[in-house]
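Structural overview for review
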Amino acid sequence: MPVNMPAFFIADARGIDFLNSIATPSNEPIDWLQDGAGLVDWLRQAGLVPAQQLDEIVRNAMPGELDRVADQARDLREWFRGFVTGRMGRPLDSGTLEDIAPLNRLLERDEAYGRIVPHEGGHLALEVARRWRSPESLLIPIGEALAHVVVEEDFTHVKACQGPSCTLLFADHTRGRARRWCSMSVCGNRAKVSAHRTRKKNIAEEHHRH
Ligand SMILES: [Zn+2]
C-alpha cells in the first residue's frame, strides 16, 4: 500500500531525497518504499520515471515482482545511507571510488539510448531514452540520482537535520551554508517552540526564587 502522506522532498538533491524515503515525522517510522506499490508511488512523486512507463511496468509486472524490487531499493537505500553518513561534513576523498563500486555495477545495467525528437521552434534535439524491460529497471534512475549526489554535491555541506528525533538528510545549498533543519515548518518550529518553553520556564523559576 502506498503511504497516505506525501513523501519528503526537502533534500535539494533527489539522491538524498531517496534516503529520506524512510522518516519519522511524528512517532512512528514511515517507509514510503515498504512494498512495490509504495516504490512506484514514491518514484511517481519524485518524477524519476515517466508516468507512462511507470504505468506500463505496473501493468506487466508478475505478482510479487515489484515487491522484490522494493526490497532491493531498500537495500540500496541503506547501503547509500552508510556511504553518505560516513562521509558527510568533509570533501570526498580518493577512497570513494572503491566504495562506490556497487553503484557502478547498478549503472552498468542501464539500457539507455539516444533518439532525435522534435524540439521547440521546429528544431530537433537529441534525447536520452531508456528501455524499461523489467521492474528492476526502476532501480536505474535511482542509481543515477545517487551518482549525481556523489559527483555533484560537496559533501562538506551534506547535513543531517538538527531536530533531535529527525532522521532527514539534505544538501545545504544556502548561500551562507547555515541551513540546520529539514524544514522550518517542521523541525525549525519545534526547536523555536522548545527554546521558547525553556526561556519561559527559566523566567518562571527565576521568578519563584525571588
Ligand atoms: Zn528535521
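Check the entry above for the structure.
Read on for a plain summary of the structure. (Residues numbered from 1 in each chain as written. Predicted model: local features only at pLDDT ≥ 70, side-chain atom pairs only at ≥ 80, totals over all residues. Heavy atoms only, no water.)

1. Thoughts on the pairing of strand β3 (residues 112-118)
With seven bridges joining them, β3 and strand β4 (residues 124-130) adopt antiparallel strand pairing. Note on β4: the bridge partner recorded for Gly114 is Val128. Hairpin connection between β3 and β4: a loop of five residues separates the two successive antiparallel strands, and Gly121 in this loop has a positive phi of roughly 75°. (Pairing = 2+ DSSP bridges. Helix = DSSP H or I, 4+ residues; strand = E, 2+ residues; numbered from the N terminus.)

2. With respect to the coordination of the zinc ion
Only Cys161 (SG), Cys166 (SG), Cys182 (SG) and Cys187 (SG) from the protein reach the zinc ion as donors, at distances of 2.3 to 2.4 Å. Each of the four donor atoms around the zinc ion contributes to a set of angles spanning 105 to 114°, which defines the coordination as tetrahedral. Counting residues between consecutive donors of the zinc ion along the chain gives the motif C-x4-C-x15-C-x4-C. Of the two residues, Cys166 sits in the loop between β5 (158-160) and β6 (169-171) while Cys182 sits in the loop between β6 and α8 (184-209), which places them 16 residues apart along the sequence. On the basis of relative accessibility, which here comes to 19%, the residue Cys166 falls in the buried class. Residue classification places Cys182 among the buried positions, given a relative accessible area of 5%. (Donors = N, O, S within 2.8 Å, 3.2 Å for Na, K, Ca; no water. Tetrahedral: all angles 85-135°; square planar, octahedral: opposite > 155°, others 65-115°. Buried < 20%, exposed > 50% of the residue type's maximum accessible area, 1.4 Å probe, protein only.)

3. Quick notes on unusual backbone geometry
The phi angle at Asp12 is positive, at roughly 65°, despite the residue not being glycine. Following the sequence through the fold, Asp12 ends up in the segment before α1 (14-19). For Asp12, a relative accessible area of 47% gives the class partly exposed. Backbone geometry places Arg177, a non-glycine residue, at a positive phi of 50°.

4. Observations regarding the side chain of Asp17
Structurally, the position occupied by Asp17 is in helix α1. Separated by 2.9 Å, the side chain of Asp17 and the backbone nitrogen of Ala11 make a polar contact. Not counting residues up to four positions away in its chain, the partners in contact with Asp17 are Phe8, Phe9, Ile10, Ala11, Asp12 and Trp42. (Polar contact = N/O pair within 3.5 Å; in protein donor to acceptor, adjacent residues only side chain to side chain. Contact = heavy atoms within 4.5 Å.)

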